[in-house]
Amino acid sequence: MDETSDEPPTSAVFLDNCHFSQVIFNNVEKFYVPGGDVTCYYTLTQNIIPRGKDWVGIFRVGWKTTREYYTFMWAPVPSDTHRDTSVQQQIQFKAYYLPKDDEYYQFCYVDQDGVVRGASVPFQFRAETEDDILVVTTQGEVEEIELQNKTLLQENEKLKASCASLQKQNLGLQEELQKTQELQNSLESLRSKTETLELELNSLRKENKHLKELDDCREAELSQLKEQIQSVTSEKDHLDARLKTTMDRMDQLQSLVLNYEKEVENLSQMVLDKTEQLEGLKKENQQLCMSGTHQVKTSLSIRVPGGARQQNQDLMKELEEQKRLVQILQAKKNEADEENQKLKEENDELLRHLSQAEKVSSFPDVSQGPIAAPEVGGLLFGNPYCGEKIWHSASLRKCPICNDVFPEDVETSEYEAHVQSHLLECPVCKETFENSDKQVFEDHIYCHSLE
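Remember, predicted model here, so these are calculated numbers, not experimental data. (Residues numbered from 1 in each chain as written. Predicted model: local features only at pLDDT ≥ 70, side-chain atom pairs only at ≥ 80, totals over all residues. Heavy atoms only, no water.)

(A) A look at the overall build of the chain. When you go through the chain residue by residue, the secondary structure sums to five helices and 11 strands. Counting the 451 residues in the chain, one finds 26% classified as buried. Contacts spanning at least 24 positions in sequence make up 63% of the contacts within the chain whose residues lie at least 6 apart. Accessible area of the chain: about 31100 Å², with a carbon and sulfur share of 51%. (Helix = DSSP H or I, 4+ residues; strand = E, 2+ residues; numbered from the N terminus. Buried < 20%, exposed > 50% of the residue type's maximum accessible area, 1.4 Å probe, protein only. Contact = heavy atoms within 4.5 Å. Areas by Shrake-Rupley, 256 points an atom, 1.4 Å probe, with all protein chains shown as cover.)

Below, the structure written as structure tokens:
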């Protein structure tokens, strides 16, 4: 109950739960004269600790709860609350607030929890009469009263024992009630948590179902991509085989073209030599015709020109034969160039297919790494029919001459320097030759010197 309230703290506790022996009321009169103040004397035993909201009330005999008080006064708190002895206290009730009838009343000490800690004998508010002054009873009546008192004392003891048992039961029931309330609260909390978990479970089930659908779609896409990769890998292998065959054929054609070029150069040199001889013979013939006499001219015309003409005719025939051979070689060279051009186009086509295959095969799930493809329009190790060979080392780290493999951490300049060490470069046209083709390189340089 609120401590600031004007009403005393009470409870619905019945008489059986009260402890009347902790506060003892002293000098209680059988009756008090109406119209006067009443002083109540009582003793606080060491079994009670007084508190600020304890009070003393006047109750009509036969009361059931502490709410049935007639009037009350706040009980003063002793200065020493922690004591080992009893303390005498008193309270004065004003006449204005006292009952006006002649019913029986009694003092009761109630603590701030509403529990009765002590009760006085009954008394009345009426004037004194002669009957109250002298009461004469017989010996038999006294014995009967004493017997009734003993019986009442025995019943009082039984009632006290029953009250103590009921108090224990009440405490046990209160504890069980408190535990039940705690279990009820825990049950409500668990129900709330269960509902929350069920909502989360439903959400997770929906999410799991959605993820399974996505997983099925991904598996289908992955299966389709694997089939595409297998198809592209097969096509790439086929293209690699064709590219290797083409490269071998081109190497053969390159060797054949080089041989043709050497023969053409040799025949050209022979034609030049024959032409110079023919010019010299023409000049000698003109000098012979102009320097001799007519007789000598006639004589010489019979002998010398005939031999000169024969020699000249032989030279002309040989020259014509050389020209015809040059034309035949030139036609073969043109045919080889045409075939070489076709092979170049086919090689470019194969490289384009190979580049497309490399783009598909670079899918992240493929275990094998992609094989580096050359740029479209170029050969794997450069075009052997161009003046300058360009070696690509960005994606393939293998020397085309000695087949040495370079790890990727080796710089490109070092790799190119290694490849260049195997080559001989023409200082005139910048064409490169392998070290193993040194004779071809020297013949090439000699041809530049004849130009």
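(B) Quick peek at the UniProt feature "domain: UBZ1-type" (unreviewed entry) in the chain. The UniProt entry lists residues 423-448 under the feature "domain: UBZ1-type" (unreviewed entry), expressed in the numbering used here. Each end of residues 423-448 is marked by a C-alpha atom, and these two atoms are 19 Å apart; helix forms 42% of the span and strand 23%. (UniProt positions renumbered as here; feature names shortened; annotations may be inferred.)

(C) Local environment of the side chain of R117. The residue R117 is located in strand β8 (residues 116-119) in this model. Since its relative accessible area comes to 17%, R117 is described here as buried.

(D) Local environment of the pairing of strand β1 (residues 23-26). Side chains V23 and F25 project from β1 onto a buried face, and the interleaved I24 and N26 project onto a face without burial. Taken together, the four bridges between β1 and strand β3 (residues 38-44) define a ladder with antiparallel strand orientation. Bridged to V23 within β3 is L44. (Pairing = 2+ DSSP bridges.)

(E) Up close: the pattern of salt bridges. Applying the stated criterion across every chain yields a total of 10 salt bridges. In this structure, E346 engages R242 in a salt bridge whose closest nitrogen and oxygen atoms are separated by 3.3 Å. Of the two residues, E346 sits in helix α3 (residues 294-361) while R242 sits in helix α2 (residues 139-291), which places them 104 residues apart along the sequence. With relative accessibility at 33%, the residue E346 sits in the partly exposed group. E321 is the salt-bridge partner of R324, the closest N and O atoms lying 2.2 Å from each other. (Salt bridge = Lys/Arg side-chain N within 4 Å of Asp/Glu carboxyl O.)

(F) How the structure looks around the nonpolar core. Within the largest apolar cluster, 19 residues are counted, with the highest numbers of intra-cluster contacts made by F25, Y42, V56, F93, F107 and Y109. Here the element with the most residues in this core is β3; it accounts for four residues. Apart from the residues lying within four places of it in its own chain, the contact partners of V56 are F25, C40, Y42, T71, F72, M73, A75, I91, F93, C108 and Y109. Counting residues in hydrophobic clusters, the runner-up holds eight residues, among them W55, Y69, F72 and C108. (Core = buried A, V, L, I, M, F, W, Y, C linked by side-chain atoms within 4.5 Å.)

(G) Region of the structure containing the packing of aromatic side chains. Following the criterion strictly, the structure yields 19 aromatic pairs and no others. A connected cluster of aromatic rings, assembled from ring pairs, spans F25, Y32, Y42, Y70, F93, Y105, F107, Y109, F123 and F125. (Phe/Tyr/Trp six-rings, centres within 6.5 Å; stacked < 30°, edge-to-face > 60°.)

(H) Spatial organisation of the sheet that holds β3. Pairing is antiparallel across the open sheet formed by three strands, whose spatial order is β1-β3-β6. The sheet is open, and its two borders are formed by β1 and β6 (87-93), each paired with just one other strand. Neighbouring strand axes in the sheet, compared pairwise and without regard to direction, differ in orientation by 30° on average. (Axes fitted to C-alpha atoms, helices over the stretch in contact; angles between N-to-C directions.)

(I) Examining helix α5 (residues 438-450) more closely. Taking 1.5 Å as the rise per residue, α5 with 13 residues should run 18 Å; its terminal C-alpha atoms sit 19 Å apart, in good agreement. Taken residue by residue, α5 has V440, F441, H444, C447 and H448 as its buried positions. Each buried residue of α5 sits inside an arc of 115° when the element is viewed along its axis, so together they form one side. (Expected span 1.5 Å × (residues − 1). Arc of directions from axis to C-beta.)

(J) Unusual backbone geometry, seen in detail. Even without a glycine there, the phi angle at N27 is positive, about 50°. Within the secondary structure, N27 is located in the loop between β1 and β2 (31-32). When its relative accessible area of 62% is taken as the criterion, N27 is described as exposed. With a phi angle near 65°, K430 is a residue other than glycine that sits in the positive phi range. The class of K430 is partly exposed, set by a relative accessible area of 44%.

(K) View of a negative patch on the surface. A surface patch of like charges, here negative, comprises E213, D215, D216 and E219. With respect to the helices and strands, D216 occurs in helix α2. (Patch = residues over 30% accessible without salt bridge, like charges linked within 9 Å, V, L, I, M, F, W, Y side chains within 5 Å. Lys, Arg positive; Asp, Glu negative; His and termini not counted. Charge placed at Lys NZ, Arg CZ, Asp CG, Glu CD.)

(L) Spatial organisation of the environment of A127. Along the chain, A127 turns up in the loop between β9 (123-125) and α1 (130-133). On a C-alpha basis, the gap between A127 and D102 in space is 9.4 Å, while along the polypeptide they are 25 residues apart.

(M) Expanded view of the environment of Q420. For Q420, the position within the fold is in helix α4 (residues 412-420). Measuring from C-alpha to C-alpha, the distance between Q420 and E434 comes to 9.3 Å, with 14 residues separating the pair along the chain.

(N) Inspection of the pairing of β6 at higher detail. Of the two faces of β6, the one lined by V87, Q89, I91 and F93 is fully buried and the one lined by Q88, Q90 and Q92 carries no buried residue. Inspection of the sheet shows β3 paired to β6 by seven bridges, in the antiparallel sense. Bridge pairing in β6 places Y42 opposite Q89.

(O) Spatial organisation of the confidence of the model for the chain. Mean pLDDT over the chain: 80, with 80% of residues reaching 70 or higher. When pLDDT is averaged over each helix and strand of the chain, the minimum, 51, is found for α1 and the maximum, 96, for strand β4 (residues 55-60). Contacts of residues 1-5 to residues separated by more than four positions or lying in other chains number nine contacts, the stretch itself having pLDDT below 50. Contacts for the low-pLDDT stretch residues 363-382, under 50 throughout, to residues beyond four places or in other chains number 40 contacts. (pLDDT = per-residue confidence, 0-100.)

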